[in-house]
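What follows is the residue order along each chain.
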Amino acid sequence: MARPTSASIHTDALRHNLAQARSMAPHSRVMAVVKADGYGHGLERVARALEGADAFGVAALSDADRLRAAGLSQPIVLLSGFDEADDLPQLRRLGVETVVHHISQVEMLEQAGAGEPIRCWLKVDSGMHRLGFAPQDVREAHARLAAASSVAEGIVLMNHFASSDEFDKPQTRQQLQAFAAATSGLPGSRSLANSAAVLGWPDSYADWIRPGGLLYGISAVEGRTGADFGLRPAMTLSTRLIAVNRVGKGERIGYAATWECPEDMLVGVAAIGYGDGYPRAAPSGTPVRVAGHDTQVIGRVSMDLMTIDLRGVPEAKVGDPVVLWGPELPVERIAEASGTIGYELTCSITRRVRFVEA
Ligand SMILES: *Cc1c(COP(=O)(O)O)cnc(C)c1O
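Calculation rules
- Think of each chain on its own: its residues are numbered from 1, step by step along the sequence as written.
- Local features are withheld for residues below a pLDDT of 70 in this predicted model, meaning they are given only at 70 or higher, and side-chain atom pairs are given and counted only at 80 or more; totals for whole chains, interfaces and linings count all residues.
- Only hydrogens and water are removed before side-chain values are computed, so all heavy atoms of the structure are retained for them.
- Using a grid of 1 Å spacing that covers the protein atoms alone, one calls a set of points a cavity when a 1.4 Å probe fits there but cannot get out, and a pocket when the set is open and has protein on both sides within 12 Å along at least five of seven lines; lining residues are those with an atom within 4 Å of a point.
- Grid points are joined across faces, edges and corners, and a volume is the space filled by probe spheres set on the points.
- All amino acids are sorted into three groups, where Ala, Val, Leu, Ile, Met, Phe, Trp, Tyr, Cys and Pro are nonpolar, Asp, Glu, Lys and Arg are charged, and the leftover types, Gly among them, are polar.
- For the domains described, the bounds stem from an automatic or database domain assignment.
- Any residue with at least one heavy atom within 4 Å of a molecule or strand is counted as near it.
- By the criterion applied in these results, polar contacts are pairs of N or O atoms within 3.5 Å in which, for protein atoms, one can donate a hydrogen and the other can accept it, and in which residues neighboring in sequence qualify only through two side-chain atoms.
- Those molecules having more than half of their atoms within 2 Å of a cavity or pocket grid point set are described as sitting in that cavity or pocket.
- Each Phe, Tyr or Trp ring (for Trp, its six-membered ring) is paired with any other whose centre lies within 6.5 Å, and the angle between the two planes then decides the class: stacked below 30 degrees, edge-to-face above 60, tilted in between.
- The helix and strand labels rest on DSSP assignments: H or I over at least four residues marks a helix, E over at least two residues marks a strand, and numbering proceeds from the N terminus.
- Type-normalised accessible area, obtained with a 1.4 Å probe on protein chains alone, sets the label of each residue: buried when under 20%, exposed when over 50%, and partly exposed for intermediate values.
- Angles here are taken between N-to-C directions and fall from 0 to 180 degrees, while the axes themselves are lines fitted to C-alpha atoms, restricted in helices to the stretch in contact.
- Small angles under 35 degrees read as roughly parallel and large ones over 145 as roughly antiparallel, with 65 to 115 read as roughly perpendicular and the rest as oblique.
- Note: crossing handedness is left-handed where the near helix turns anticlockwise from the far helix by less than a right angle, and right-handed where it turns clockwise.
- Should any heavy atoms of two residues lie within 4.5 Å, those residues are counted as being in contact.
- UniProt positions are given in the numbering used here, feature names are shortened, and annotations may be inferred rather than shown by experiment.
- Here a strand pair is declared whenever DSSP counts at least two bridges between the two strands.
- Whether a crossover is right-handed depends on one test, that the path from the first strand over the helix to the second runs clockwise when the strands point away from the viewer.

Asks: Looking at this structure, I do not really get empty space enclosed by the protein. What am I missing?
Replies: It is a probe the size of a water molecule, rolled over the atoms, that shows where empty space is left. Here the structure, examined in full by the defined rule, presents two cavities of 30 Å³ or more. Here the largest cavity defines a volume of roughly 70 Å³. Lining the largest cavity are His-41, Tyr-216, Gly-217, Ile-218, Pro-233, Ala-234, Met-235, Trp-325, Gly-326, Val-331, Glu-332 and Thr-346. Here the residues of the lining of the largest cavity sort into seven nonpolar, four polar and one charged. Looking at the lining of the largest cavity, you find at least three residues from each of domain 1 (11-218) and domain 2 (235-357). Its volume calculated, the second largest cavity comes out at about 50 Å³.

Have a look at this one:
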């Protein structure tokens, strides 16, 4: 029998979340960020569901290649930019737009041979200090790009926020101001907002928003779930019980014997573990649902299996459905228990998990 572990992808939720993004920022175009295999939901599947987006954002040229092979003709933007001059013919062939964040890329574009002009998104470092031109270098980079024959008309100006998920902290306001100062007077569209900025910083909407997590129904805001913002989770991760065992009071469960049964009780064993992408860091007490009942993980998550407290699940039996996360159990809660964010969990599903559209 096939392993019962599956990730159901809810394409209607993806479409709903895109519509939510549009209604929040009705005057902006939407770049749907589909990097990392659509945050683990499957690149082509996600892009087809989101074909109403105005553009797609990817982190790798190979993803752009896959989107074109799948017949998607929307603009695609390479968010981390190209690495070497040899990438330029491929950008042209695929009709892919690129972020330009470093002077070495400007030089490569200046030296590029004749061919289709490439549309560029000039990235300003407004304070995150990861990628982008320092504010004082933006005008020169812009002028050199505008003069390069390999660069298409209409350079877009963009930045990226470091802490837009913290609605009451000043950094996003400071980044907005630094970006405005660095780009004042320059022509072209602007793009600033990631998901958290779409949810909390209307001043940042500008011409293009760039939501990722939001489209998958995942909140990047601590303590809040996607549902708190009217979003719908796009993934249900589920499996089944493959054993139900009676274990006596005082006995210990699993590797390193980390959990002790406080009474005689039923313990369920589910066919999922960190080999499927469920976090090993999820401690005893992490929520899980069995046959529609809320219960908890007990003991250490192992590679193929996990153990579950069945005291709250009357008549639990082998074959019962187990939901690890999904619309009825937000992935943000499992992430919080495991010391990470929902994005990392959906990105970490491994290849042995069966993906289905539902
Ligand atoms: C990943 C990414 C986004 C999307 O971020 P979310 O928090 O998922 O909305 C937007 N812009 C850039 C440049 C990115 O790298």
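Asks: Looking at this structure, how should I read the site of the ligand?
Replies: The ligand sits among 13 residues. The nearest are Lys-35, Tyr-39, Ser-195, Gly-212 and Gly-213. In the model, an oxygen atom of the ligand is placed 2.5 Å from a nitrogen or oxygen of the Tyr-39 side chain. Taking Gly-213, its main chain carries an N or O atom lying 2.8 Å from an oxygen atom of the ligand. Here the ligand is seated within the largest pocket. When its residues are assigned to classes, the shell around the ligand shows five nonpolar, five polar and three charged.

Asks: Is there a simple way to think about the packing of aromatic side chains in this case?
Replies: By convention here, two paired aromatic rings are described through the distance between centres and the angle between planes. Across all of its chains, the model carries four aromatic pairs by this definition. Measuring from ring centre to ring centre gives 4.7 Å for Tyr-39 and Tyr-216, while their planes differ by 20°; the resulting arrangement is stacked. With a gap of 177 residues between them, Tyr-39 in helix α2 (residues 35-39) and Tyr-216 in the loop between β9 (208-209) and β10 (235-247) connect regions that are remote in the sequence. The class for Tyr-39 is buried, based on a relative accessible area of 7%.

Asks: Any chance you could explain the packing of helix α4 (residues 61-69) against helix α5 (residues 87-94) here in plain terms?
Replies: Relative orientation and spacing of two packed helices are given, respectively, by the angle between their axes and the distance between those axes. Remark: α4 packs on α5, axes separated minimally by 11 Å, with the N-to-C direction vectors making an angle of 25°. Judged by the angle between their axes, α4 and α5 are roughly parallel. The way α4 lies across α5 gives a crossing that is left-handed. Along the contact surface, α4 presents Leu-61, Ala-64, Asp-65 and Arg-68, while α5 presents Asp-87, Gln-90, Leu-91, Arg-93 and Leu-94. Tallied by class, residues from the contact of α4 with α5 come to four nonpolar, one polar and four charged.

Asks: I'm lost on the UniProt feature "modified residue: N6-(pyridoxal phosphate)lysine" (unreviewed entry) in the protein in this one. Help?
Replies: Following the UniProt record, the feature "modified residue: N6-(pyridoxal phosphate)lysine" (unreviewed entry) maps to Lys-35 here. With respect to the helices and strands, Lys-35 occurs in helix α2. Aside from chain neighbours lying at most four places away, what touches Lys-35 is Gly-57, Val-58, Ala-59 and Leu-79.

Asks: I would appreciate a short explanation of the pairing of strand β3 (residues 55-58) in the present structure.
Replies: Consecutive residues of a regular strand have side chains that alternate between opposite faces of the sheet. Residues Ala-55 and Gly-57 of β3 are buried on one face, and the alternating residues Phe-56 and Val-58, pointing to the opposite face, are buried as well. By the bridge criterion, three bridges tie strand β2 (residues 29-33) to β3 in an arrangement that is parallel. Following the sheet pairing, Met-31 is matched in β3 by Ala-55. In this sheet, strand β4 (residues 76-78) lies alongside β3 in parallel orientation, the contact comprising three bridges. Looking at the pairing, Phe-56 lines up with Ile-76 of β4. Handedness of the crossover joining β3 and β4 through α4: right-handed.

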